[in-house]
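# A closer look at the structure
Listed below, chain by chain, are the residues.
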Amino acid sequence: MSIKAVLFDLDGTLIDTERCYQIVWPKAVAHFGFEMTREQALMLRSLGRPFAPRQFKEWYGDSFNYDEVRAYRKALFEELIAREGLKLKPYAEEILKYLKERGVMISTATATDEERTTRYLTKVGLLDYFDKICCATQVKEGKPSPELYLYAAEQVGFSKDECIAVEDAPNGVKSAAAAGIRTIYIPDTNDDEAAIGGLYYKKMNNLLELKQLFEQ
């Protein structure tokens, strides 16, 4: 493999935030009089616009105000990380340093908006490793649409065959696969093999195993 750029999902891949979303989404929904199961919360991982609002309408009907609930969820999330801090996934900084030393370009490909992505990466000390910050708010459709990964590949200046994506959840894997980018799947809060088997290039246990791709 000739890998010139690595496109990283953020939540659940580099930063240990998916477990936080699994806490705050049900709380936010409950605040407005609805109920969310664990399975529903898991389905929301990396789910972007216009797909997320549609999913909520399907679950809860036309009376559900997605923007209002999401704003409340964001407030709950900020309160949670203010109390507990942001934690890195195992080997996150080590693999970014390794890639940087090899001259590999590094970009995000995240459902999180640019302001929060930059703020979170700064908070955990990773921002300087990134050549590009690519977010779903910069494209028309978020994950699982391929738009974000096609945009990220364009931003780093390499063909999709020269990039790999690193993802932890089905919507992200589907997005990268639809873009034609080889995807490394590292399960986080749940192993969704049944939903994405056959879509990813390799399944790994942790970020450190990415070194295998450069040392063959």
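Quick notes on the rules
Residues numbered from 1 in each chain as written. Predicted model: local features only at pLDDT ≥ 70, side-chain atom pairs only at ≥ 80, totals over all residues. Heavy atoms only, no water. Disulfide = S-S within 2.5 Å. Buried < 20%, exposed > 50% of the residue type's maximum accessible area, 1.4 Å probe, protein only. Pairing = 2+ DSSP bridges. Helix = DSSP H or I, 4+ residues; strand = E, 2+ residues; numbered from the N terminus. Contact = heavy atoms within 4.5 Å. Axes fitted to C-alpha atoms, helices over the stretch in contact; angles between N-to-C directions. Phe/Tyr/Trp six-rings, centres within 6.5 Å; stacked < 30°, edge-to-face > 60°.

Summed over the entire model, instances satisfying the criterion amount to 0 disulfides. Considering cysteine sulfurs only, cysteine 135 is the nearest to cysteine 20, which forms no disulfide, with 18 Å between them. Cysteine 135 takes part in no disulfide bond, and the closest cysteine sulfur to it belongs to cysteine 134, at a distance of 7.1 Å. What makes cysteine 135 buried here is its relative accessible area of 0%.

This part takes up the sheet that holds strand β1 (residues 5-8). One open sheet holds the 5 strands; their spatial order is β2-β1-β3-β4-β5, and the pairing between them is parallel. In the strand order of this sheet, the two ends are held by β2 (105-108) and β5 (202-203), each with one partner. With 4 bridges connecting them, strand β3 (residues 163-167) and strand β4 (residues 182-185) associate as parallel partners. Paired with glutamate 167 across the two strands is tyrosine 185, which belongs to β4. Against the sheet, helix α8 (residues 170-178) makes contact with β3 and β4, and its axis sits at roughly 160° relative to β4, the strand it touches most.

Another point: the packing of aromatic side chains. This structure, assessed with the given rule, holds 14 aromatic pairs. A centroid spacing of 5.5 Å and a plane angle of 75° characterise the contact between phenylalanine 56 and tryptophan 59, whose relative ring orientation is edge-to-face. Taken as a pair, phenylalanine 56 and tryptophan 59 lie in helix α3 (residues 51-60) at a separation of 3 residues, close to a single helical turn. By relative accessible area, which is 0% here, phenylalanine 56 ends up buried. When the centroid spacing of 6.1 Å and the interplanar angle of 70° are considered together, the rings of tryptophan 59 and tyrosine 60 count as edge-to-face.

In short, geometric facts, not functional conclusions.
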